[in-house]
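Given next are the chains, with one letter for each unit.
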Amino acid sequence: MFLFLYLKAFGGTGGIEKFNRAMMKALENRESQSKENIFIYSAYDHLPDIHYYSGKHYKGFSIRKIQFTFKSILKGLSADTLLISHINLAFIPLVLQILNPRQKQILITHGIEVWGELSWLKRKLLHSKIEILSVSNYTRNILLSKHQIPAEKVSIFRNTLDPFFNPEINPNSILSLRTAYNIPPDAKILMTIARLKNYEQAKGYDKVIRILGDLIQKNINVYYILAGKYSEDEHARILRLATECKVENRIILPGFIQDKDMPAHYKLADLFIMPSTKEGFGIVFIESMACGTPVVAGNKDGSPDTLLHESLGSLVDPDDHEQILTAALYWLERGKAEVANSSHLVWDSFGFEKFKQHVYQL
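These numbers were taken from a predicted model, which means no experiment stands behind them.

Undergrad: Which residues make up the sheet that holds strand S8 (residues 188-193), and what values go with them?
TA: With parallel pairing, 6 strands are arranged side by side in an open sheet as S10-S9-S8-S11-S12-S13. Whereas interior strands pair on both sides, the edge strands pair on one side only; in this sheet they are strand S10 (251-252) and strand S13 (313-316). Its contacts with the sheet put helix H7 (residues 205-217) on S8, strand S9 (222-227), S10 and strand S11 (271-274), and the angle it makes with S9 is roughly 170°.

In structure tokens, the structure reads:
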């Protein structure tokens, strides 16, 4: 019997939520093909989206933490394998190591949740018998160097495109978006998709705003679509920065974009650019590249794992204005033709079928 414990998958747009949804879909497929009993418990969700999981072995606890913890431990007593989606659930596997010592345990580590100082409980879990999977080499290296985890204990487990992600769109939708955003037909478009809140400024969108004026001075007719759910204070701050940089008429803030509309936005853009410093992996990068749109990402976090040795984009020092500007110029001048015939590399490396194979190996 296999037990998967996670925090949240539905109602959120973050990378960990997307990972959990893909994991559930892969586990559902596995259960339908095998005699294994696979159970899934969520601390925060109430019910799953049936597109991702329609099995009978699901329980959502709607933030009832005590019940979630008790029921998870109880179910874990008979589980041969326990998969933990987040280190914040450290208490449960540690208890089960005492009560069910023969159980195989696996922890997924994504990024920032294990980069900083950790509580005693979390450190104890990392140094226990649990196997650790990391979605990027950057996070793995931090586990080895900062938390002194033995190298043989931490393996790479690549992230994935959503099982329902489809880059095929109606060609007219791109023209419709350009018209809706009032962007001239001959203009180039930069794009970033991220949560726009004061604690998310490490995504690097300020730095993109600052290169817009330089691009315009080089006679490039360019607009910047900065999409994502925003807080009012961060929205106001972004507009002030745009005004200071004299590019306020070149920035478009459409807010949250639904999943079904994401491929059209990626294809609308000439370049997806997000020189982040705190990206655990960067699913938006592989989504953009799967749509044939090149990427500029930072080289100081987990982003390099997504760019496939820069065959579909560029890695830059996110603190170097000139590097960001040079990379943007490179791709705007060359267009998408340079990566058009290579987007299959993304599917080969990060497609859901590949992800399923890795899940089955667990």
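Undergrad: Please set out the pairing of strand S12 (residues 295-298) residue by residue, giving values where relevant.
TA: Each regular strand shows side chains that alternate between the opposite faces of the sheet. Residues of S12 alternate between two faces, with Val 295 and Ala 297 on one and Val 296 and Gly 298 on the opposite face, all of them buried. Pairing of S11 with S12, which is carried by 3 bridges, proceeds in the parallel orientation. Bridging from a neighbouring strand, Ile 273 pairs with Val 296 of S12. Once you follow S11 into helix H10 (residues 283-290) and on to S12, the crossover reads as right-handed.

Undergrad: Requested: an account of the packing of helix H2 (residues 65-76) against helix H3 (residues 91-99), with residues and values cited.
TA: The N-to-C vectors of H2 and H3 enclose an angle of 35°; their axes lie 10 Å apart at closest approach. For the pair H2 and H3, the crossing hand works out as right-handed. Contact residues: H2 offers Phe 68, Thr 69, Ser 72, Ile 73 and Gly 76, while H3 offers Phe 91, Ile 92, Val 95, Leu 96 and Leu 99. For the contact of H2 with H3, the per-class residue count stands at 7 nonpolar, 3 polar and no charged.

Undergrad: Outline the packing of aromatic side chains, supporting the account with residue identities and numerical values.
TA: According to the stated counting rule, one finds 16 aromatic pairs in the structure shown. Both rings, one in Tyr 52 and one in Phe 164, keep their centres 5.2 Å apart while their planes meet at 85°; by these two values the pair is edge-to-face. Placement of the pair is Tyr 52 in the loop between strand S2 (38-42) and strand S3 (58-60) and Phe 164 in the loop between strand S7 (154-156) and helix H6 (171-180), with a sequence separation of 112 residues. Between Trp 115 and Tyr 138 the ring centres are 5.1 Å apart and the planes differ by 80°, which places this aromatic pair in the edge-to-face class. In this pair, Trp 115 is assigned in the loop between strand S5 (104-109) and helix H4 (120-126) and Tyr 138 in helix H5 (residues 137-145), connecting sequence segments 23 residues apart. The class of Tyr 138 is partly exposed, set by a relative accessible area of 29%. An aromatic cluster is built from Phe 19, Phe 157, Phe 352 and Phe 355, whose rings are joined through pairwise contacts. Positioned over the ring face of Tyr 52 is Arg 21, at 5.9 Å from the centre of the ring.

Undergrad: Lay out the sheet that holds S7 with the relevant residues and their values.
TA: Strand order in this open sheet of 7 strands is S3-S2-S1-S4-S5-S6-S7, and the pairing throughout is parallel. In the strand order of this sheet, the two ends are held by S3 and S7, each with one partner. Along the sheet, successive strands turn relative to each other by an average axial angle of 20°, direction set aside. As paired strands, strand S1 (residues 2-6) and S2 are joined by 5 bridges and run parallel to one another. Note on S2: the bridge partner recorded for Leu 5 is Tyr 41. Contacting S5, strand S6 (131-134) and S7, H5 runs over the sheet at an angle of about 170° to S7.

Undergrad: Please give an account of helix H14 (residues 352-361) that cites residues and values.
TA: Two residues of an α-helix separated by three or four positions point the same way, owing to the 3.6 residues in each turn. Listed as buried for H14 are Phe 352, Phe 355, Lys 356 and Val 359. Along the axis of H14, the buried residues cluster in a sector spanning 105°; they form a single face. For H14, the exposed residues lying more than 90 degrees away from the buried face are Glu 353 and Gln 361. Packed against the buried residues of H14 are helix H1 (15-33) and helix H13 (344-350).

Undergrad: Outline H3, supporting the account with residue identities and numerical values.
TA: Those residues of H3 that sit buried are Ile 92, Pro 93, Leu 94, Val 95, Leu 96 and Gln 97. Buried residues along H3 sit against S1, H2, strand S4 (81-84), S5 and H4.

Undergrad: Mind laying out the environment of Leu 161, listing which residues take part and the relevant values?
TA: Mapping Leu 161 onto the fold places it in the loop between S7 and H6. Taking the C-alpha atoms as reference, Leu 161 lies 15 Å from Asp 261; in sequence the two are 100 residues apart. Residue contacts for Leu 161: discarding those within four places in its chain leaves Ile 286, Glu 287, Ala 290, Val 346, Trp 347, Phe 350 and Phe 352.

Cut-offs used in this document
- Residues numbered from 1 in each chain as written.
- Predicted model: local features only at pLDDT ≥ 70, side-chain atom pairs only at ≥ 80, totals over all residues.
- Heavy atoms only, no water.
- Pairing = 2+ DSSP bridges.
- Helix = DSSP H or I, 4+ residues; strand = E, 2+ residues; numbered from the N terminus.
- Contact = heavy atoms within 4.5 Å.
- Axes fitted to C-alpha atoms, helices over the stretch in contact; angles between N-to-C directions.
- Buried < 20%, exposed > 50% of the residue type's maximum accessible area, 1.4 Å probe, protein only.
- Right-handed = clockwise from strand over helix to strand, strands pointing away.
- Left-handed = near helix turned anticlockwise from the far one by under 90°.
- Nonpolar A, V, L, I, M, F, W, Y, C, P; charged D, E, K, R; others polar.
- Phe/Tyr/Trp six-rings, centres within 6.5 Å; stacked < 30°, edge-to-face > 60°.
- Lys NZ or Arg CZ within 6 Å of the ring centre and 35° of its normal.
- Arc of directions from axis to C-beta.

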